[in-house]
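These are the residues of each chain, in order.
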Amino acid sequence: MRQITVERTEGDVAVRQVWETDSPEETFQLGKQLGEACVPGEVYTLTGDLGTGKTVFAQGFAAGLGISEPVCSPTFTILQVYEEGRLPFYHFDVYRIGCVEEMDEIGYEDCFYGGGVSLVEWAELIQEILPSKRTRILMEKDPGKEFDYRRIVIERQAF
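Residues numbered from 1 in each chain as written. Predicted model: local features only at pLDDT ≥ 70, side-chain atom pairs only at ≥ 80, totals over all residues. Heavy atoms only, no water.

Looking now at the environment of aspartate 93. Topologically, aspartate 93 is positioned in strand S5 (residues 89–93). Separated by 15 residues in sequence, aspartate 93 and isoleucine 78 have C-alpha atoms that sit 5.0 Å apart. A distance of 3.0 Å separates a polar side-chain atom of aspartate 93 from the backbone nitrogen of tyrosine 95. (Helix = DSSP H or I, 4+ residues; strand = E, 2+ residues; numbered from the N terminus. Polar contact = N/O pair within 3.5 Å; in protein donor to acceptor, adjacent residues only side chain to side chain.)

See the structure below:
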């Protein structure tokens, strides 16, 4: 795992970090580092194509929160709640969401604005309801590099 750049920027992004990982274990470890550092009320958005390692990253994130139970992508349930760690962890996967109103039905506001931490996979599908205060994570593959290579961009917003 290599940190390529750290930039302090203008506008709504305060810090932009670019990481490269070469294995699922390194992607897991980066997720774990973020999970260890998060505080109550934070929302992380996770975007990337199918197969870029979002679930592996989320598993590491959960491990960083002290969650030891298996973490799977909640593709069909939209939300999975884990309460055994140091903070409640709200893991969303909105890939199959039909409309944004479905988020109201599952009580997303209690998760986003409560005392836990939220991680939203496929967040670009619910842009209009995401809080402005969030950390954006973009995961990308590069077909010109090894199969397990990932470029992970983390943008922390200015608050």
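Tyr44, Phe57, Phe61, Leu65, Phe89 and Ile137 are the most contacted members of the largest nonpolar core, which totals 22 residues. Among the elements of the structure, helix H1 (24–37), strand S3 (43–47), helix H2 (54–64), strand S6 (117–121), strand S7 (135–140) and strand S8 (150–157) are those that each provide at least two residues to this core. Tallying contributions element by element places H2 first for this core, with 4 residues. Aside from chain neighbours lying at most four places away, what touches isoleucine 137 is Leu34, Tyr44, Thr45, Leu46, Thr47, Phe57, Ile152, Val153 and Ile154. Counting residues in hydrophobic clusters, the runner-up holds 18 residues, among them Leu79, Val94, Met103 and Ile129. (Core = buried A, V, L, I, M, F, W, Y, C linked by side-chain atoms within 4.5 Å. Buried < 20%, exposed > 50% of the residue type's maximum accessible area, 1.4 Å probe, protein only. Contact = heavy atoms within 4.5 Å.)

With that settled, the discussion passes to the side chain of serine 118. By secondary structure assignment, the location of serine 118 is in strand S6. In contact with serine 118, not counting residues within four places along its chain, are Glu42, Val43, Tyr44, Tyr90, Phe92, Cys111 and Phe112.

Along the chain, the position of tyrosine 113 falls in the loop between helix H4 (108–112) and S6. As for tyrosine 113 and glycine 41, which are separated by 72 residues in sequence, their C-alpha atoms are 5.8 Å apart. Those residues within four positions of tyrosine 113 in sequence are excluded, and the remaining contacts are Ile129 and Pro131.

Quick look at the pattern of salt bridges now. Opposite charge on two side chains allows them to pair when their charged atoms are near. In the structure shown here, the tally under the stated rule is 4 salt bridges. Arginine 16 serves as the salt-bridge partner of glutamate 155, at 3.3 Å between the closest nitrogen and oxygen. Residue glutamate 155 is found in strand S8, and its partner arginine 16 is found in strand S2 (residues 13–21); the two are separated by 139 residues along the sequence. We note a salt bridge from glutamate 155 to arginine 136, for which the minimum N-O separation is 3.3 Å. With glutamate 155 in strand S8 and arginine 136 in strand S7, this pair connects stretches of sequence that are 19 residues apart. (Salt bridge = Lys/Arg side-chain N within 4 Å of Asp/Glu carboxyl O.)

Time to look at H2. For H2, the full list of buried residues reads Lys54, Phe57, Ala58, Gly60, Phe61, Ala62 and Gly64. Looking at the buried positions of H2, the neighbouring elements they touch are H1, S3, S5, S6 and S7.

Turning our eyes to something else, we now look at H1. Since the α-helix turns once every 3.6 residues, residues separated by three or four places project in the same direction. For H1, with 14 residues, the first-to-last C-alpha span of 20 Å sits near the 20 Å given by 1.5 Å per residue. All of the buried residues along H1 are Thr27, Leu30, Gly31, Leu34 and Gly35. For H1, the buried positions fall inside an angular range of 140° around the axis, keeping them on one side. Turned more than 90 degrees from where H1 packs its buried face, Glu25 and Ala37 sit exposed. (Expected span 1.5 Å × (residues − 1). Arc of directions from axis to C-beta.)

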